[in-house]
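Architecture at a glance
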Amino acid sequence: IATYCKNIGVEYLTVYAFSTENWKRPPEEVGAIMKLLNKYLHEAIETMERDGINLRFIGDTSVLSPELRELIGETDEISEKIDGFRVNVCVNYGGRDEILRAAKKAAKIYAEGGNVEKLTEEDFSRLLYTSGIPDPDLVIRPSGEIRISNFLLWQSAYAEYYFTDVLWPDFDERELDRAIESYRGRSRRYGGVKA
């Protein structure tokens, strides 16, 4: 999907790999997910430069194994050399957790003498994991669930949503085309009225 997105002109793709709440799953399931992440990182390290994919991780990666953190560090180094298309992988990420972390950073800044009355949405956005990344235009929710599952809560305030019964492992180019076609048919007003 990442390569297809790049080829059709998408500039940013953010995927939810593991949430802060996923630690509540059975240990063997968490272990299997971490093994998949390890495998994916090894594959990415070998192909991302060739494919021109800037890969970044969003979330608190400090709790991951030393091996996974080292692999993430390698992808960061490779990504420094790659401009253009960017894939963000959310690992140990939760929207509420992200907002709480940003609020704590803001509180510290303003406790040290800043004028809290001057805090803007743009200022707050710079304190999020996604600093410097545009807010999403389209959020796709696979697997038949009709909820946002704590994903990019701040950033998706005006995103369009597309819900599908297709499970993520089966989500292919054709399904992405359907989501994009649905998005193209929408009127984006950002709280205003249609012109």
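Preceding block: the structure.
Being a predicted model, the structure only gives us computed values, none of them experimental.

Describing the sheet that holds strand E1 (residues 12-19)
Here we have three strands laid out as an open sheet, ordered E1-E3-E2, and parallel in their pairing. Looking at which strands have only one partner, the edges of the open sheet turn out to be E1 and strand E2 (54-58). Strand after strand, the sheet turns through a mean of 20 degrees between neighbouring axes, direction not considered. Examined bridge by bridge, E2 and strand E3 (residues 86-93) share five bridges and lie parallel to one another. Residue pairing for E3: phenylalanine 57 is matched across the bridge by valine 89.

Quick notes on the packing of aromatic side chains
For the structure on display, the rule yields seven aromatic pairs. Between tyrosine 16 and tyrosine 93, the ring centres sit 5.7 Å apart and the planes meet at 75 degrees, which makes this aromatic pair edge-to-face. Note that tyrosine 16 is positioned in strand E1 and tyrosine 93 in strand E3, a separation of 77 residues in sequence. Of the residues examined, tyrosine 16 reaches a relative accessible area of 27% and is grouped as partly exposed. On the accessibility criterion, tyrosine 93 (0% relative accessible area) is buried. When the centroid spacing of 5.9 Å and the interplanar angle of 15 degrees are considered together, the rings of tyrosine 161 and phenylalanine 163 count as stacked. By way of ring pairs, the aromatic residues Tyr16, Tyr93, Tyr129 and Phe151 are connected into one cluster.

Digging into the nonpolar core
Counting 26 residues, the largest nonpolar core has Met34, Leu37, Leu41, Leu55, Phe57, Val87 and Val91 as its most contacted members. At the level of secondary structure, the elements contributing two or more residues to this core comprise E1, helix H2 (27-51), E2, helix H3 (66-79), E3 and helix H6 (173-184). Per-element accounting of this core gives the leading share, seven residues, to H2. In contact with leucine 55, other than residues within four places in its own chain, are Tyr40, Ala44, Met48, Thr75, Asp76, Ser79, Val87 and Val89. Counting eight residues, the second largest nonpolar core, distinct from the first, contains Cys90, Tyr93, Val139 and Leu152.

Thoughts on H3
If you check H3, its first and last C-alpha atoms are 20 Å apart, about what 14 residues at 1.5 Å a residue would give, namely 20 Å. Those residues of H3 that are buried lie in contact with H2 and E2.

Some words on the environment of threonine 3
With respect to the secondary-structure elements, threonine 3 resides in helix H1 (residues 2-7). Taking the C-alpha atoms as reference, threonine 3 lies 19 Å from isoleucine 72; in sequence the two are 69 residues apart.

Details of the pairing of E2
In terms of residue burial, E2 counts as a mostly covered element, since five of its five residues are buried. Across the two faces of E2 the burial is the same, with Asn54, Arg56 and Ile58 and Leu55 and Phe57 all buried. At this point the chain moves from E2, through H3, to the parallel E3, and the crossover so formed is left-handed.

Rules used in this analysis
- Residues numbered from 1 in each chain as written.
- Predicted model: local features only at pLDDT ≥ 70, side-chain atom pairs only at ≥ 80, totals over all residues.
- Heavy atoms only, no water.
- Pairing = 2+ DSSP bridges.
- Helix = DSSP H or I, 4+ residues; strand = E, 2+ residues; numbered from the N terminus.
- Axes fitted to C-alpha atoms, helices over the stretch in contact; angles between N-to-C directions.
- Phe/Tyr/Trp six-rings, centres within 6.5 Å; stacked < 30°, edge-to-face > 60°.
- Buried < 20%, exposed > 50% of the residue type's maximum accessible area, 1.4 Å probe, protein only.
- Core = buried A, V, L, I, M, F, W, Y, C linked by side-chain atoms within 4.5 Å.
- Contact = heavy atoms within 4.5 Å.
- Expected span 1.5 Å × (residues − 1).
- Right-handed = clockwise from strand over helix to strand, strands pointing away.

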